[in-house]
Structures are given as structure tokens and as C-alpha cells.
Amino acid sequence: MLKDKVVIITGASSGIGLAAAREFALHGAKVVLAARNLDKLQEIEKELSKTTSVLAVKTDVTSEADCKNLIDQTILKFGTIDCLINNAGISMRALFRDLDLAVIRELMNVNFWGTVFCTKYALPWLLKSKGSLAGVISIAGFKGLPARSGYSASKFAIAGFLETIRVEHLKDNLHVMIFAPGFTASGIRERALVADGSRQGETPREENKMMSAQECAKHLVRGVVKRKRQVILTPVGKTLVILNKFFPALVDRLEYNYMKKEPGSPLK
């Protein structure tokens, strides 16, 4: 079903984005890679070009002009867009009271505004192809996570934005999917920002015990093929979302106790 479909993936240079690019290519889709690191993108382009048609476009999703250029370059090469995967994102770990507000601004710029900018310019083409629009959020987009205020805020915002787009185009056969991995081994925690805006540098969690980016990507591609409205991954993630509907106060306590066990956690 994905043979020769044109798929744009932001944040495609690593983690879930890179795994998704490989998975879509494996299914015969034409892949457009978007990220800030052009050297890395060109390496991936060389790898995937053995399997399918690939376009690498250096893109900073915080720049509206870059996002417009991404769509323009895609149309110039392929003439259409069948799927946009808004995956580019960064995380953080710090208590809000200690946080430099520039950190939240940066997370909103990358996670939320990056999704808005890319969607704005891709939408006319997605409507024409009756294609798929997806946003990679997180369980943090369903339940606020302590010490992740900016991350949760941006992911809630993406979910609300995509739900609105879905309803606005209810009669246009546009597929909109909210994709929420649980904890996934993707490298996002190493690059997470701390209170002063510097990078965390190392993960506080046992990455080898998490869902792999490759497995996550398989679920993502399956969700696109089946045109699912929402995908929530990992047993912990699914349990948290369900319990929060009925026992929110209990989930607050469970969540706090779970997150404070992280090495170096700012929670006491």
C-alpha cells in the first residue's frame, strides 16, 4: 500500500525518525528526510537510495521558511505528498520553578511550531492526495509528567492541534494520526535540556530495557497503513492513559513516585 507513496519525515537523522525512514523505504515509499544535520541526512540518503527514491532537505523546523522550503523541494522532486510525519522534537528535565523560560520557548518552537509550520504548507497537498498527517507526541501528551513541564505542554498542544485539523477536514478523507510512544530508546534523553538550557548529556533511564526505535517505527508505519486515529505504545503507557481517565489522583501519586526514581531526578 505504500509503494511509491511520498513520505516526509522530520527529525529523520536519528531515533524514531531514522527508524521510520528505513521502515517506510522498506515498504517501497519514496522518502523525504528532514533534519538540521545535512551531513547525517546525506549518509542516510546514500543508504536508503539503494532501496527507494530519497530526498534529503536540511531543515530547522523552528524556521517557517525552512519548513516551506521542505515542502517546496518535495513537490519539485516528486510532485505530490502522501504522508507527513511530524517527528522532530526535543525534551527537557527540570522543575518548572527552577527553569529558564527560554527552555520552554525552545521546546514549543521545535515540537509545536515545527509541527504547525510543516503541516501548514503540506496540508493542501495532503488534501489533494487524501493522505496521512501524523504527529509523534508522547504519553506526556496525555498526562503531564513531573519535571517535564515544557515537554508535556508542547505535546498536549500538538495533540489538540491535530485533533482540530482532523475535525475541520472530517469530510475531506484526510487521515490524521496522533502517535504516542511510551519510553523508547531513541536518544532523546541524552539531548534533553536541563534548567539552564544546556543538554543533559546522558540518559537517566535504562535504554536497553525500553522499546527500540525500530519496533516503534513498525507501529508507526502500521498506523499509517491502517489509517488509525491514535496509537499508544508500551504497556506502561497504555495503563497510565487508561487509569488516568478513572483515577487521576492515584495516577498523580504513582507517576511522581515512578519518575523520582530516575538517577539525578529533581523530584524528592
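For the structure itself, consult the block above.
Residues numbered from 1 in each chain as written. Predicted model: local features only at pLDDT ≥ 70, side-chain atom pairs only at ≥ 80, totals over all residues. Heavy atoms only, no water.

A. Up close: the packing of helix H7 (residues 235-246) against helix H8 (residues 248-259). Across the interface, H7 lies against H8 with an axial gap of 6 Å and an inter-helix angle of 140°. As the angle between them shows, H7 and H8 are arranged oblique. Of H8, the residues touching H7 (which contributes Leu240, Leu243, Asn244 and Phe246) are Pro248, Val251 and Glu255. Residue composition of the contact of H7 with H8, by class: five nonpolar, one polar and one charged. (Axes fitted to C-alpha atoms, helices over the stretch in contact; angles between N-to-C directions. Helix = DSSP H or I, 4+ residues; strand = E, 2+ residues; numbered from the N terminus. Parallel < 35°, antiparallel > 145°, perpendicular 65-115°, else oblique. Contact = heavy atoms within 4.5 Å. Nonpolar A, V, L, I, M, F, W, Y, C, P; charged D, E, K, R; others polar.)

B. Here's a closer look at the packing of helix H1 (residues 15-26) against helix H6 (residues 213-225). Where H1 contacts H6, the axes come no closer than 8 Å and their chain directions differ by 55°. What the angle tells us is that H1 and H6 run oblique. The handedness of the crossing between H1 and H6 comes out as right-handed. Side by side, H1 and H6 meet where Gly15, Ile16, Ala19, Ala20, Glu23 and Phe24 of the first sit next to Ala213, Gln214, Cys216, Ala217, Lys218, Leu220, Val221 and Val224 of the second. Residues of the contact of H1 with H6, tallied by class, amount to 10 nonpolar, two polar and two charged. (Left-handed = near helix turned anticlockwise from the far one by under 90°.)

C. Region of interest: the side chain of serine 154. Mapping serine 154 onto the fold places it in helix H5 (residues 149-168). Accessibility expressed as a relative area gives 0% for serine 154, which makes it buried. Polar side-chain contacts of serine 154 include one of 2.8 Å to the backbone oxygen of tyrosine 151. (Buried < 20%, exposed > 50% of the residue type's maximum accessible area, 1.4 Å probe, protein only. Polar contact = N/O pair within 3.5 Å; in protein donor to acceptor, adjacent residues only side chain to side chain.)

D. Just the packing of aromatic side chains, in detail. All chains considered together, the criterion is met by three aromatic pairs. With 6.2 Å between their ring centres and 85° between their planes, phenylalanine 112 and phenylalanine 161 make a pair best called edge-to-face. One end of the pair, phenylalanine 112, is in helix H4 (residues 101-129); the other, phenylalanine 161, is in helix H5, with 49 residues separating them in the sequence. Comparing phenylalanine 112 with phenylalanine 161, the two get one shared label, buried. Between tryptophan 113 and phenylalanine 117 the ring centres are 5.5 Å apart and the planes differ by 35°, which places this aromatic pair in the tilted class. One end of the pair is tryptophan 113 and the other is phenylalanine 117, both in helix H4 and four residues apart, which spans about a single turn. When its relative accessible area of 38% is taken as the criterion, tryptophan 113 is described as partly exposed. Its relative accessible area of 14% is what places phenylalanine 117 among the buried residues. Pairwise contacts between aromatic rings join Phe112, Trp113, Phe117 and Phe161 into one cluster. (Phe/Tyr/Trp six-rings, centres within 6.5 Å; stacked < 30°, edge-to-face > 60°.)

E. Main features of the pattern of salt bridges. Under the counting rule described, the total for this entry stands at six salt bridges. Between glutamate 23 and lysine 218 there is a salt bridge, and its shortest N-O distance comes to 3.6 Å. Taken together, the positions of glutamate 23 in helix H1 and lysine 218 in helix H6 put the pair 195 residues apart, joining distant regions of the chain. Lysine 143 is the partner of aspartate 252 in a salt bridge, and the nearest nitrogen-oxygen pair spans 2.3 Å. One end of the pair, aspartate 252, is in helix H8; the other, lysine 143, is in the loop between strand E5 (132-136) and H5, with 109 residues separating them in the sequence. Overall, aspartate 252 belongs to the partly exposed group, its relative accessible area being 40%. Owing to a relative accessible area of 10%, lysine 143 belongs among the buried residues under this scheme. (Salt bridge = Lys/Arg side-chain N within 4 Å of Asp/Glu carboxyl O.)

Keep in mind these numbers describe shape, not what the thing actually does.
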